[in-house]
Amino acid sequence: MFMFVTMAVFAPALGPTTVDQNMRNSYGYETKYWDSDSGSVETILVGDANLGSLSQGNDRNIGPWTYDDYGRFHPFGTMQDGSDLFTFLVVGSRISLVIGVLSVALSASIAATLALTSAYYKGRVDLSMVLISDAVMAMPQLLLLIMLTTVLRESWINEVYSGGFLLALIFAFTGWTYMWRSIRGPALQISEREWIDAARSFGQRPTTIMRKHMLPYVTGYLLIYGSMTLGGAIISIAGLSFLGLGVAPPTPEWGRAVNLGQNYVRTGSWHISLIPGILITLVVTGFNALGDGIRDAIDPQSDSAGGETAGAGGGA
């Protein structure tokens, strides 16, 4: 996770080149290199240099930790179009992190608001929330994501952050039910505490009671399931990009790198798909492990901490 956040925050400084220079507008920039044949320093357009640095199999390949013929260092090698894979991945990590954090924050806000409201009022309000969440969960999420991204592809909202904002909204409004289910139990338990009745007797408004006296006790559960949901959001973003949906090209995204390199997995250009696939696995595993660690710290009696009772419905 530290590696992933570092890549996302310092993406422009970590890459040996920039996205604009190496991918979006490669023919608008020049690079200098030493030509051993002429014995002088030559100048070439970056786009032409990329054409001479393709990774498309055993015969044409610039692998990890090597230099190309133009003296440019490629920590992860080059892609099938000759652009630098490391630059693609570090910038793609920022895209994935921004979309993932935004979608989880929106999901957590919706889930917390509905969970506290249903726990406070109970009865028909809680039953309505259960029916609505069941209806949303009954729909296949992957098919729903594909349908919404396809239908809204031509809308103005898809132009915000190369379609990343649209993805965050879709993930939030299709995934809040799982987080709501996770914090509904603790919210119901807290609503029965004596200090909630005392706050009612003093005439405090319901919104004040939910914000000041109930929300702090479910925040820990939001952190647990939010970190786990973030890993799922990242792998979902990669999956949609792999299918050609989601973040619009040429904006870098990890799933698109896996897709672009799948034809070269059994050749010398195996790095195009394998390296981003490994990074996706590590990041998702890291966020899931973070969620388990937070759960163990908040609820020592949870299953993962060696206790006998699960912590999903634990009280404050």
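Residues numbered from 1 in each chain as written. Predicted model: local features only at pLDDT ≥ 70, side-chain atom pairs only at ≥ 80, totals over all residues. Heavy atoms only, no water.

> Can you help me understand the overall build of the chain in this one?
In terms of regular secondary structure, the chain is built from 12 helices and 4 strands. Classification of the 316 residues of the chain by burial places 46% in the buried group. For the chain, the share of sequence-separated contacts (at least 6 apart) that also reach a separation of at least 24 residues comes to 64%. A total accessible area of about 15600 Å² is found for the chain, and carbon and sulfur atoms account for 62% of it. (Helix = DSSP H or I, 4+ residues; strand = E, 2+ residues; numbered from the N terminus. Buried < 20%, exposed > 50% of the residue type's maximum accessible area, 1.4 Å probe, protein only. Contact = heavy atoms within 4.5 Å. Areas by Shrake-Rupley, 256 points an atom, 1.4 Å probe, with all protein chains shown as cover.)

> Is there a simple way to explain the packing of aromatic side chains in this structure?
Aromatic ring pairs: the centre-centre distance and the angle between the two ring planes describe each pair. Applying the stated criterion across every chain yields a total of 8 aromatic pairs. Between phenylalanine 4 and tryptophan 254, the ring centres sit 5.6 Å apart and the planes meet at 75°, which makes this aromatic pair edge-to-face. In this pair, phenylalanine 4 sits in helix α1 (residues 2-9) while tryptophan 254 sits in helix α11 (residues 254-260), placing the two residues 250 residues apart along the sequence. By relative accessible area, which is 1% here, phenylalanine 4 ends up buried. Feature note: the residues Phe4, Trp254 and Phe287 constitute an aromatic cluster, connected by ring pairs. (Phe/Tyr/Trp six-rings, centres within 6.5 Å; stacked < 30°, edge-to-face > 60°.)

> Explain the pairing of strand β2 (residues 40-45) to me, please; I cannot follow it from the model alone.
Working note: regular strand, side chains alternate between the two faces of the sheet. Pairing analysis gives 6 bridges linking strand β1 (residues 30-35) to β2, with the strands arranged antiparallel. Of the residues in β2, the one forming a bridge with tyrosine 33 is glutamate 42. Linking β1 back to β2 in an antiparallel pair, the connection comprises 4 residues, with glycine 39 at a positive phi of about 70°. (Pairing = 2+ DSSP bridges.)

> Please explain the environment of glutamine 21 as it appears in this structure.
With respect to the helices and strands, the residue glutamine 21 is situated in helix α3 (residues 19-24). Residues contacting glutamine 21, with those up to four places away along its chain left out, are Ser26, Tyr29, Glu30 and Val46.

> How should I be thinking about the side chain of aspartate 84 in this particular structure?
Residue placement: aspartate 84 occurs in the loop between β4 (73-74) and α5 (85-121). Here the side chain of aspartate 84 touches phenylalanine 86 through a polar contact of 3.3 Å, landing on its backbone nitrogen. Sequence-distant contacts of aspartate 84, that is, excluding residues within four places in its chain, are made with Pro16, Thr17, Asn22, Met23, Phe73, His74, Pro75 and Gly77. (Polar contact = N/O pair within 3.5 Å; in protein donor to acceptor, adjacent residues only side chain to side chain.)

> Looking at this structure, I do not really get the nonpolar core. What am I missing?
For soluble globular proteins, nonpolar side chains are generally found buried alongside one another. Counting residues in hydrophobic clusters, the biggest one holds 26 residues, and the most contacted among them are Phe4, Leu89 and Trp254. Mapped onto this core, the elements with two or more residues apiece are α1, α3, α5, α10 (206-242), α11 and α12 (271-298). Take this core: its biggest share by element is 8 residues, from α5. In contact with tryptophan 254, not counting residues within four places along its chain, are Phe4, Met7, Leu89, Gly92, Ser93, Pro276, Leu279, Ile280 and Val283. (Core = buried A, V, L, I, M, F, W, Y, C linked by side-chain atoms within 4.5 Å.)

> In this structure, what is going on with the pattern of salt bridges? I would like to understand it.
Two side chains with opposite charge may pair up if their charged atoms get near one another. Per the stated rule, a full pass over the model turns up 6 salt bridges. The salt bridge partner of arginine 72 is aspartate 68, with a shortest N-O separation of 2.8 Å. Exposure remark for arginine 72: the relative accessible area of 14% places this residue in the buried category. Note that glutamate 192 and lysine 122 form a salt bridge whose closest N and O atoms lie 3.3 Å from each other. Of this pair, glutamate 192 sits in the loop between α8 (164-191) and α9 (194-201) while lysine 122 sits in the loop between α5 and α6 (123-138), and the two are 70 residues apart along the sequence. On the basis of relative accessible area, glutamate 192 is assigned to the exposed category, the value being 52%. (Salt bridge = Lys/Arg side-chain N within 4 Å of Asp/Glu carboxyl O.)

> Which parts of the structure should I look at to understand unusual backbone geometry?
Residues apart from glycine generally show negative phi values, whereas peptide bonds are mostly found in trans. Looking along the chain, the bond that leaves proline 249 and enters proline 250 is cis, with omega of 10°. Its location among the elements puts proline 250 in the loop between α10 and α11. Phi angles above zero are rare outside glycine, and serine 162 is one such case at about 55°. As for its position among the elements, serine 162 is in the loop between α7 (141-151) and α8.

> Is there a simple way to explain the environment of leucine 85 in this structure?
Considering the arrangement of structural elements, one finds leucine 85 in helix α5. With a relative accessible area of 0%, leucine 85 lands in the buried category. Sequence-wise, leucine 85 and proline 276 are 191 residues apart; in three dimensions their C-alpha atoms are separated by 9.2 Å. Apart from residues no more than four positions distant in its own chain, leucine 85 is found in contact with Phe76, Gly77, Thr78, Met79, His271, Ile272 and Ile275.

> Where do I start with α6 in this structure?
For an α-helix, the turn length of 3.6 residues means that residues three or four places apart are oriented alike. Here α6 contains 16 residues, and its C-alpha end-to-end distance of 23 Å stays within 8% of the 22 Å for a straight helix at 1.5 Å per residue. Those residues of α6 that are buried are in contact with α5 and α8. (Expected span 1.5 Å × (residues − 1).)

> When you look at the side chain of threonine 251 in this model, what are you seeing that I'm missing?
Here threonine 251 shows up in the loop between α10 and α11. Given a relative accessible area of 6%, threonine 251 falls into the buried group. Among the polar contacts listed, one links the side chain of threonine 251 to the side chain of serine 162, at a separation of 2.8 Å. Residues contacting threonine 251, with those up to four places away along its chain left out, are Arg24, Ile95, Ser162 and Arg256.

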